[in-house]
Amino acid sequence: MDARTLQHNKPFSVKQFFFQWEWLLVVILIIVNVMNTNLSPYYWNFESIRDATMSFLDKAFIVLPMVLVMILGDIDISVASTVALSSVIMADLYHRGVPMELAIVICLIVGTVCGLVNGLLIVKFKELSSVIVTLATMIIYRGIAYMILEDQAKGQFPEWFSFFGWEYVGGVPFILIAFAFFAVIYSLLLHKTTFGRRIYAIGNNSTASRFSGVQVDKIKVIVFALAGLMAAVTAVFLTSRMGSTRPNVATGYELDVIAMVVLGGISTAGGKGRMIGAILAVFLIGLLSYGLGLVNVPAQMLLIIVGLLLIFAVMIPKLNRAKLRKP
Amino acid sequence: MKKLLSTCLTAVLTLSMLAGCGSNNGAAPASGSKPADSTAKPADSGAKSKHAIIFKNTGNPYGEKQMEGFKNAITELGGEAILKAPDQPTAEAQIKMIEELISQKVSSIAIAANDPDALQPALKKAMNAGIKVLSLDSAVNAQSRLVHVNQADPERIGRVQVQAISEMIGGKGEIVVLSATSQATNQNTWIEWMKKELTDPKYKDIKLVKVAYGDDLRDKSVSEAEALLKSYPDLKGIIAPTTVGIAAAGKVLTDKGLKGKVQLTGLGLPSEMAQYIESGVSQWMYLWNPVDVGYLAGYTADALVKGTITGKVGDKFKAGRLGDKQIIADGSGTQIMLGDPFKFDAKNIGEWKKVY
């Protein structure tokens, strides 16, 4: 067992173990793969699936910290704007003569600062919910991005920069390796450290945590800063993939990310959920959308299917809990 | 017991949902799997080739017509057309679709781009995989395509609109241009040609006082149009070379009762502009036929795949009912022109408003 909930001293039960959202995700993932293989003769081959991961993994970097944010019981809808702002600043600096390596570092710093600002505002103005604060910064960050580039696109990066979005290392896309790396780090952070356990505690009851000596504000600021940092990582990969950037880049990413987190079984009320669920959800939505794309299903159809899955994901824990209450 | 029940329920729901989306696509893969066997041997000249078109986004009537024209052409040629459009008008979504098409081993991809440069790596990957890439309507940069299918000659579009407004206002007075975004490549080229046309001495009494940008957003275009009318009380004419802008200007002129006092022309969709053309707020306007743009792209794609043309200047081919077409230079790349813009007035708007 792990720190999924605070009550983890219950005896291990095989039934309980298998009746979990994460297992259901695995089952759905298998069904999706079988379905896709049957639908399209082009789906089930190494190269297709390998290259498909390059298309959907960029936003997956933000899914990882978003899991932490949502277990805290908060939400961050400014992440897509942070992607745009850090990407635009990186491109603009490069065009002003800053070396690309330095521009990337600054991009990561900009993202972190955006996240820090979110976190500080949220802990300073406790009467405001994180939705409201990040809604405001979402507009502000995107606005600054527009002020910098106006309506222009900036491209023509050095040749090596396309490495992040398009290259392979030992036959595996670099973006997949990078995602695996971060996924392990974040899983360990959430499930194996005191920091992670405190995130669950805050999500379950922030007042009680505060009285037990948990530095709630500090943890929140760190988590939001991590979200900003990972948004900047996304900015690097996305910009590299597109070879150019513009202020409206990554539009709608925040909703995709939140959808993946919710589908991953992370409670919107906070305090519940596991990293592995969100990671499975990333691949589930990614491969589902790729498979449907291969048979040229209209884009709206995918939205409907993901919507249904989401309702389903929110519904299951409710069923589960109602059942547990009765002896 | 309850647990078991809800587990079963969950499983059934999942399966039915996925089965549901599976059966919905039943038709698409059925037709997709058949030529798949034949395209496995691309050397076979008798193979039914697959041609894909990617428009900017879904739910755009103009785009639907373009894709319809493309499909008509491909069907005439005996190929299979794949029509795709992302739900958001972004380059990111189009890159994903290009990847899907590369995996499907299509013969050609025609794209109306959401960004001229951002698709370059993806389209280059497609070309390296042996897929013929062309753009239509909204171009990608010259390195990302073999040829661009252009709606109409930009020079003619620019010049014709100035000639029209001059005729409407009697060759005298202040005019403005209400465009899309300041970065729209199409619009800016047309505006350049308008300015060149205006240097002709016969327009010496016409003064272009401002170029405003409504960003192709309806509310912004409306407020820009209102602001123009306030800033230039003597304004005689508005040229709006964008479908959103001209409809917004038509609405403002109608609401303010300025019909006949301020003239309006530009490029508009017949279905949106019919009411203003019938009421006389705009006497006439221009556009090309999007069905024909798609149709021409379909024949171009086929000619590229068959090797009739390679995308070089001077290449010639026959584009079905549109007749003979020739590839001409376009900056550092090449393009094919559909022809002159088409004039819509009170006489023909009635029949066209039903088309698009």
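Here, the structure is the one placed above.
Residues numbered from 1 in each chain as written. Chains lettered and ligands numbered in written order. Predicted model: local features only at pLDDT ≥ 70, side-chain atom pairs only at ≥ 80, totals over all residues. Heavy atoms only, no water.

### A look at the overall build of chain A
Looking only at helices and strands, chain A has 15 helices and four strands in total. Rg of the C-alpha trace for chain A: 20 Å, near the compact-globule value of 20 Å for 327 residues, within the 12% margin. Referenced to the eigenvectors of the C-alpha coordinate spread, the extents of chain A come out at roughly 65 × 55 × 35 Å. Across the 327 residues in chain A, those meeting the buried criterion constitute 57%. Element-wise, carbon and sulfur atoms account for 68% of the exposed surface of chain A, whose accessible area totals about 13800 Å². Where the 25 positive side-chain charges of chain A centre and where its 17 negative ones centre are 16 Å apart. (Helix = DSSP H or I, 4+ residues; strand = E, 2+ residues; numbered from the N terminus. Rg over C-alpha atoms; globule rule 2.2 N^0.38 Å. Buried < 20%, exposed > 50% of the residue type's maximum accessible area, 1.4 Å probe, protein only. Areas by Shrake-Rupley, 256 points an atom, 1.4 Å probe, with all protein chains shown as cover. Lys, Arg positive; Asp, Glu negative; His and termini not counted. Charge placed at Lys NZ, Arg CZ, Asp CG, Glu CD.)

### Examining the sheet that holds strand β5 (residues 147–150) of chain B
Residues and elements named next belong to chain B. Strand order in the open sheet formed by seven strands is β2-β1-β3-β4-β5-β14-β13, with mixed pairing between adjacent strands. Edge positions in the sheet fall to β2 (80–84) and β13 (328–330), since each has one partner strand and no second. Across the sheet, the mean angle separating the axes of adjacent strands is 30° when strand polarity is ignored. Across three bridges, β13 lies against strand β14 (residues 333–337) in antiparallel orientation. Across the sheet, Asp 330 pairs through a bridge with Gly 333, a residue of β14. Across the sheet, helix α11 (residues 290–306) touches β1 (50–54), β3 (108–111), β4 (132–136), β5 and β14, and the angle it forms with β4 is around 160°. (Pairing = 2+ DSSP bridges. Axes fitted to C-alpha atoms, helices over the stretch in contact; angles between N-to-C directions. Contact = heavy atoms within 4.5 Å.)

### A word on the packing of helix α6 (residues 100–124) of chain A against helix α12 (residues 216–242) of chain A
Residues and elements named next belong to chain A. Running from N to C, α6 and α12 cross one another at 150°; their axes reach a closest spacing of 7 Å. Considering the relative orientation of α6 and α12, their crossing is right-handed. Counted together, Ile 104, Cys 107, Leu 108, Gly 111, Thr 112, Gly 115, Leu 116, Asn 118, Gly 119, Leu 120, Ile 122 and Val 123 of α6 and Asp 217, Lys 220, Val 221, Phe 224, Ala 225, Gly 228, Leu 229, Ala 232, Val 233, Ala 235 and Val 236 of α12 form the full contact between these two elements. Looking at the contact of α6 with α12 residue by residue, the classes come out as 15 nonpolar, six polar and two charged. (Left-handed = near helix turned anticlockwise from the far one by under 90°. Nonpolar A, V, L, I, M, F, W, Y, C, P; charged D, E, K, R; others polar.)

### Considerations on the pattern of salt bridges
Using the criterion set out here, one finds 26 salt bridges over all chains in the structure. For Asp 330 of chain B, the salt bridge goes to Arg 145 of chain B, with nearest N and O atoms at 3.1 Å. Of this pair, Asp 330 of chain B sits in strand β13 while Arg 145 of chain B sits in the loop between β4 and β5, and the two are 185 residues apart along the sequence. Its salt-bridge partner being Asp 292 of chain B, residue Arg 321 of chain B comes within 2.8 Å of it at the nearest N-O pair. Residue Arg 321 of chain B is located in the loop between β11 (316–318) and β12 (324–326), and its partner Asp 292 of chain B is located in helix α11; the two are separated by 29 residues in the primary sequence. Taken together, the shared-partner salt bridges connect Arg 50, Asp 51 and Arg 241 of chain A together with Glu 99 and Lys 125 of chain B into one network. (Salt bridge = Lys/Arg side-chain N within 4 Å of Asp/Glu carboxyl O.)

### Quick notes on the nonpolar core
Residues Val 67, Phe 179 and Leu 263 of chain A together with Ile 98 and Leu 119 of chain B are the most contacted members of the largest nonpolar core, which totals 134 residues. Leave out the neighbours within four places in its chain, and Val 67 of chain A touches Leu 190, Val 261, Ile 266, Met 275 and Ala 278 of chain A. (Core = buried A, V, L, I, M, F, W, Y, C linked by side-chain atoms within 4.5 Å.)

### A few points about the packing of aromatic side chains
Applying the stated criterion across every chain yields a total of 24 aromatic pairs over all chains. With 5.3 Å between their ring centres and 70° between their planes, Phe 181 of chain A and Phe 182 of chain A make a pair best called edge-to-face. On the basis of relative accessibility, which here comes to 51%, the residue Phe 181 of chain A falls in the exposed class. Arranged with centres 5.1 Å apart and planes meeting at 45°, the rings of Tyr 295 of chain B and Tyr 299 of chain B form a pair that is tilted. Here the residue Tyr 295 of chain B and the residue Tyr 299 of chain B both occupy positions in helix α11, the gap between them amounting to four residues, near one helical turn. Take Tyr 299 of chain B: its relative accessible area is 10%, and that puts it in the buried class. Directly above the aromatic system of Trp 166 of chain A lies the positively charged group of Arg 241 of chain A, at a separation of 4.3 Å from the ring centroid. The lysine or arginine in question, Lys 343 of chain B, covers the ring of Trp 284 of chain B, its NZ or CZ lying 4.3 Å from the ring centre. (Phe/Tyr/Trp six-rings, centres within 6.5 Å; stacked < 30°, edge-to-face > 60°. Lys NZ or Arg CZ within 6 Å of the ring centre and 35° of its normal.)

### Digging into the packing of helix α4 (residues 60–71) of chain A against helix α14 (residues 275–294) of chain A
Residue and element names in this part refer to chain A. Closest axis-to-axis distance for the α4/α14 pair is 10 Å, and the angle between their directions is 150°. Relative to α14, the element α4 lies roughly antiparallel. Handedness of the α4/α14 crossing: right-handed. Across from Ala 60, Val 63, Leu 64, Val 67 and Leu 68 in α4, the residues of α14 making contact are Met 275, Ala 278, Ile 279 and Val 282. Classifying every residue of the contact of α4 with α14 gives nine nonpolar, no polar and no charged. (Parallel < 35°, antiparallel > 145°, perpendicular 65-115°, else oblique.)

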